[in-house]
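Structure assessment
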Amino acid sequence: MTRTDDLPTHFSRIAREAGAEIMAVYTAGPVARLKDDRSPVTDADERAEASILARLAQLLPDVPVIAEESASHGQTPVIGRRCILVD
């Protein structure tokens, strides 16, 4: 179990890893497309979210995560007393 006082360190590491995914796409030139709700999304958005979700599943497997791109595809978990929001 992850100690709550370690969470800022873990979250910071996860954010840096997601940033690396974003930069890998942006160096090649991102291309935006529209989701069903007409908001823009890029491969960078999707790769970063996938990275974040994978790391959170390892770190806090019992905590549901609501994430923007997943939610736009209808994937929303059942939440109880706690959850993590990813945008």
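A brief look at the structure comes next. Fair warning: this is a prediction, and the values are worked out from it, not measured in the lab. (Residues numbered from 1 in each chain as written. Predicted model: local features only at pLDDT ≥ 70, side-chain atom pairs only at ≥ 80, totals over all residues. Heavy atoms only, no water.)

1. Side note on the side chain of Glu-49
Our working definition: Helix and strand assignments come from DSSP, with helices taken as H or I runs of at least 4 residues and strands as E runs of at least 2, each series counted from the N terminus. Three exposure classes are used, based on accessible area relative to the maximum for each residue type with a 1.4 Å probe and protein chains only: buried under 20%, partly exposed in between, and exposed over 50%. The convention is simple: Lys and Arg are positive, Asp and Glu are negative, and His and the chain ends are not counted. Salt bridges are defined by distance alone: a side-chain nitrogen of Lys or Arg within 4 Å of a carboxyl oxygen of Asp or Glu. Whether two residues are in contact is decided by their heavy atoms, any of which lying within 4.5 Å being enough.
Residue placement: Glu-49 occurs in helix H2 (residues 43–59). Comment: no salt bridge for buried Glu-49; closest opposite-charge side chain is Lys-35, at 7.5 Å. For Glu-49, the residues in contact, after removing those within four places along its chain, are Ala-67, Glu-68, Glu-69 and Ser-70.

2. Side note on the packing of helix H1 (residues 7–26) against H2
What counts, and what does not: Interaxial angle, 0 to 180 degrees, is taken between N-to-C directions of lines fitted to C-alpha atoms, where a helix line uses only the stretch in contact. Geometric relationships in this document are graded by angle, where less than 35 degrees denotes roughly parallel, more than 145 denotes roughly antiparallel, 65 to 115 denotes roughly perpendicular, and other angles denote oblique. A crossing counts as left-handed when the near helix is turned anticlockwise from the far one by less than a right angle, and as right-handed when that turn is clockwise. For this classification, Asp, Glu, Lys and Arg are treated as charged, while Ala, Val, Leu, Ile, Met, Phe, Trp, Tyr, Cys and Pro are nonpolar and the rest, including Gly, are polar.
Two elements in contact, H1 and H2, have axes whose closest approach is 8 Å; the angle formed by their N-to-C orientations is 155 degrees. As the angle between them shows, H1 and H2 are arranged roughly antiparallel. As for how H1 packs across H2, the hand of that crossing is right-handed. Contacts between H1 and H2 pair Leu-7, His-10, Phe-11, Arg-13, Ile-14, Glu-17, Ala-18, Glu-21, Ile-22, Ala-24, Val-25 and Tyr-26 from the former with Asp-43, Ala-44, Arg-47, Ala-48, Ser-51, Ile-52, Arg-55, Leu-56 and Leu-59 from the latter. Each residue belonging to the contact of H1 with H2 can be placed in one class, and the counts come to 13 nonpolar, 2 polar and 6 charged.

3. Quick notes on the nonpolar core
The cut-off we apply is this: Residue types Ala, Val, Leu, Ile, Met, Phe, Trp, Tyr and Cys, when buried and joined through side-chain atoms within 4.5 Å, form a set referred to as a nonpolar core.
Grouped together as the largest cluster of nonpolar side chains are 13 residues, with contacts concentrated most on Ile-52, Leu-56, Leu-60, Ile-84 and Val-86. Elements with a contribution of two residues or more to this core: H1, H2, strand E3 (65–67) and strand E4 (84–86). Here this core takes 4 residues from H2, the largest share from any one element. Val-86 has contacts with Ile-52, Leu-56, Val-65, Ile-66, Ala-67 and Glu-68, leaving out every residue within four places of it along the chain.

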